[in-house]
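What follows is each chain in one-letter form.
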Amino acid sequence: MSLNVVIVGHIDHGKSTLIGRLLYDSDRIPDERLAEMQKLIEEYKRRFEFAYFLDSFEEELKEERTIDTTRVLFKGRDYYTVVDVPGHQEFIKNMLTGADHAQAAILVVSCVDGVQEQTRRHAFLVHMLGVREIIVGINKMDMVNYDEEVFSRVKKSVVRLLETLGYKDTLFVPISAMEGDNIYKASQHMPWYGGVTLIGALDAIKPVPEKEKPLRFVVQDLYRVDSQKVAVGRVEAGTVRKGDELIFQPSGVVTRVEAIKSFPREIESAQSGDSIGIVVNAEIGRGNIGGHTRFPPKAVRNFLGEVVLLDGTLRQGGHFEIKCGAKRSKCTVVKIREKISSETGEVLSTDATEIGVNEAATVIFETEPMVVEKFAEIPELGRFILARDGKNVGAGIVLEAVA
Ligand code: GDP
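Residues numbered from 1 in each chain as written. Predicted model: local features only at pLDDT ≥ 70, side-chain atom pairs only at ≥ 80, totals over all residues. Heavy atoms only, no water.

Participant: Help me out: how do you make sense of the overall build of the protein in this one?
Facilitator: Scanning the protein for helices and strands turns up seven helices and 25 strands. Expressed as a percentage of the 403 residues in the protein, the buried residues total 53%. The contacts of the protein with a sequence gap of at least 6 include a subset with a gap of at least 24, amounting to 72%. (Helix = DSSP H or I, 4+ residues; strand = E, 2+ residues; numbered from the N terminus. Buried < 20%, exposed > 50% of the residue type's maximum accessible area, 1.4 Å probe, protein only. Contact = heavy atoms within 4.5 Å.)

In structure tokens:
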């Protein structure tokens, strides 16, 4: 198993230093694992090359290329990929584009400064984006003589913050990223601490077995190759097999999978993450989502989302462009249900009619018919971006469809 870990926390609390330390103390990555990674990277490239093949992908590609994070790989019992986060805007963008779906987060809090603005914001975002596990590293313990009291005090305020977000039984590790205390090696400086190291805490995270998700195939375009119609796109969840009967929404077209092309080959089945072409006998437009008739995707006109605004103002009655999957649609803010603190997740008011930059809210949207899924169930189609005048101004997750 390998785990994607995101390292978050207030500026200057020691995130970069921690990443350096993790690399420095980590075992070397064995060659066979490198080969495996190389394969993964090639897979990734193939996906991009395939994408190049499609004009309509250009825009997504541009967006994907702007993603700029530091990725490092280090080893505990398993392998961990760490994504360093320069700022929370990048973080949201990466999480939402699915570039970095992290299963766990390390929240770094300096014991000298305690909980700060970004500590709260990052914790909230990590929560909103469905990161299941948070481990807290109370850092810079060397600067306070490894004092247990300081640790306890800071821990208390972080516990309060995390509990409002619904995180319970969080592991807190007193660390010095600079000196390497309790990162890989148990510290000699803190005999009062009987707990695990930071790596020990990561190793203790139990993988949740992936439930087989229903198929969701996002159509990027329909091509005519010789006399065949090929719906090209990406499997975002589940598995598709040759011969399956699929329904595409919102168009409602039902058709059989006559063949699956993974250019230039033909394959029998494809899984989530695969970019493929499905040979069909129907007209299917861009943005349609295919699924099995047993677990069909459903097109909705209204849904409840949780949104963070990164630019401008979001008003009741206001209009945006929404992007979810490959679908773009106009949408209207029908109602702001609750304005939420983007620092603590607390409900601030239930009668707000607008929110501003860095503010969050649960919002009922009306759109042209489009397929969205609950983020908790199929995150790949449960994230969306709000744009206005061609500029991404907000991001969110789908809480539920509204009848
Ligand atoms: P970031 O903004 O969260 O990535 O923070 P950095 O890793 O850049 O660290 C900010 C400053 O704190 C730098 O000067 C680091 O050398 C220092 N720093 C980070 N971790 C520790 C630590 O454990 N002990 C001490 N004494 N300084 C640290």
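Participant: What exactly am I supposed to notice about the pattern of salt bridges here?
Facilitator: When their charged atoms lie close together, side chains carrying opposite charge are able to pair. With the rule as written, the count across this model stands at nine salt bridges. The partner of Arg224 in a salt bridge is Glu283, with the nearest N and O atoms 2.7 Å apart. Placement of Arg224 in strand β7 (residues 216-225) and of Glu283 in the loop between β15 (275-280) and β16 (289-292) is noted, with a sequence separation of 59 residues between them. With its nearest N and O atoms 3.7 Å apart, the salt bridge here joins Arg256 to Glu245. With Arg256 in strand β11 (residues 253-256) and Glu245 in strand β10 (residues 245-249), the pair connects residues that are 11 residues apart, well separated along the chain. On the accessibility criterion, Glu245 (35% relative accessible area) is partly exposed. Taken together, the salt bridges that share partners define one network made up of Arg224, Lys229 and Glu283. (Salt bridge = Lys/Arg side-chain N within 4 Å of Asp/Glu carboxyl O.)

Participant: Mind showing me how you'd approach the pairing of strand β4 (residues 104-110) here?
Facilitator: In the case of a regular strand, side chains alternate between the two sheet surfaces. Taking burial as the measure, the seven residues of β4 include seven buried ones, the bulk of the element. The side-chain alternation of β4 yields two buried faces, one formed by Ala104, Ile106, Val108 and Ser110 and the other by Ala105, Leu107 and Val109. Examined bridge by bridge, β4 and strand β5 (residues 133-139) share seven bridges and lie parallel to one another. Along β5, the bridge assignment pairs Ala105 with Ile134. Chirality of the crossover, the property in question, places the unit of β4, helix α5 (residues 117-128) and β5 among those that are right-handed. (Pairing = 2+ DSSP bridges. Right-handed = clockwise from strand over helix to strand, strands pointing away.)

Participant: Help me understand the site of the ligand in this model?
Facilitator: Around the ligand sit 15 residues in total, of which Asp12, Lys15, Ser16, Thr17 and Asp142 are the nearest. Lys140 has a polar side-chain atom sitting 3.0 Å from an oxygen atom of the ligand. Take Asp142: an N or O atom from its side chain is 2.8 Å from a nitrogen atom of the ligand. When the ligand sits alone it has 580 Å² of accessible area, and the protein chains cover 74% of it. (Near = heavy atom within 4 Å. Polar contact = N/O pair within 3.5 Å; in protein donor to acceptor, adjacent residues only side chain to side chain. Areas by Shrake-Rupley, 256 points an atom, 1.4 Å probe, with all protein chains shown as cover.)

Participant: For this particular structure, what's the right way to read the nonpolar core?
Facilitator: Soluble globular proteins: nonpolar side chains tend toward being buried together. Of all hydrophobic cores here, the largest spans 57 residues; its most connected members are Leu18, Val136, Ile138, Val158 and Leu162. For this core, the secondary structure elements donating two or more residues are β1 (2-9), α1 (15-25), β4, α5, β5, α6 (148-164), β6 (171-174) and α7 (198-203). Both of domain 1 (2-203) and domain 3 (299-401) provide at least three residues apiece to this core. Membership of the second largest hydrophobic core comes to 22 residues, among which are Phe303, Cys331, Ile336 and Val398. (Core = buried A, V, L, I, M, F, W, Y, C linked by side-chain atoms within 4.5 Å. Domains from an automatic or database assignment.)

Participant: Looking at this structure, I do not really get α6. What am I missing?
Facilitator: Residue pairs three or four apart in sequence face the same way in an α-helix, which turns once every 3.6 residues. Its 17 residues place the ends of α6 25 Å apart at the C-alpha level, agreeing with the 24 Å of an ideal helix rising 1.5 Å per residue. Turning to α6, its buried residues number three or more, namely Val150, Phe151, Val154, Val158, Leu161 and Leu162. Down the axis of α6, the smallest arc covering the buried residues is 95°, so these residues share one side. Among the exposed residues of α6, those oriented more than 90 degrees off its buried face are Glu149, Arg153, Lys156, Arg160 and Glu163. Contacts from the buried residues of α6 go to β4, α5, β5 and β6. Capping of α6 at its N-terminal end is provided by Asp147; its side-chain oxygen lies 2.9 Å from the backbone amide nitrogen of Glu149. Looking one or two places after α6, you find Gly166, whose phi comes out positive at around 90°. (Expected span 1.5 Å × (residues − 1). Arc of directions from axis to C-beta.)

Participant: Just checking my understanding: could you explain the pairing of β7 for this structure?
Facilitator: By the bridge criterion, nine bridges tie β7 to strand β8 (residues 228-237) in an arrangement that is antiparallel. What sits directly across from Asp221, in β8, is Val232. Counting the residues in the hairpin turn of β7 and β8 gives two residues, including Asp226, whose phi is positive at 55°. Of the pairings in the sheet, the one linking β7 to β16 comprises two bridges and is antiparallel in character. Along β16, the bridge assignment pairs Val218 with Ile289.

Participant: What am I meant to see in the environment of Glu354 here?
Facilitator: Relative to the helices and strands, Glu354 is located in strand β22 (residues 354-355). Under the relative-accessibility criterion, Glu354 is labelled partly exposed at 37%. Excluding anything up to four places from it in sequence, Glu354 contacts Thr313, Leu314, Arg315 and Ile336. A polar side-chain atom of Glu354 sits 3.1 Å from a polar atom in the side chain of Arg315.

Participant: For this particular structure, what's the right way to read the packing of aromatic side chains?
Facilitator: Aromatic rings considered in pairs are described by the distance between their centres and by the relative angle of their planes. According to the stated counting rule, one finds six aromatic pairs in the structure shown. Between Trp192 and Tyr193, the ring centres sit 6.4 Å apart and the planes meet at 75°, which makes this aromatic pair edge-to-face. Both rings, one in Phe303 and one in Phe384, keep their centres 5.4 Å apart while their planes meet at 75°; by these two values the pair is edge-to-face. Of this pair, Phe303 sits in strand β17 (residues 299-309) while Phe384 sits in strand β24 (residues 383-388), placing them 81 residues apart in sequence. Of the residues examined, Phe303 reaches a relative accessible area of 0% and is grouped as buried. By the ring-pair criterion, three or more aromatic residues cluster together here, those being Phe151, Trp192 and Tyr193. (Phe/Tyr/Trp six-rings, centres within 6.5 Å; stacked < 30°, edge-to-face > 60°.)

Function cannot be read off these values alone, since they describe shape.
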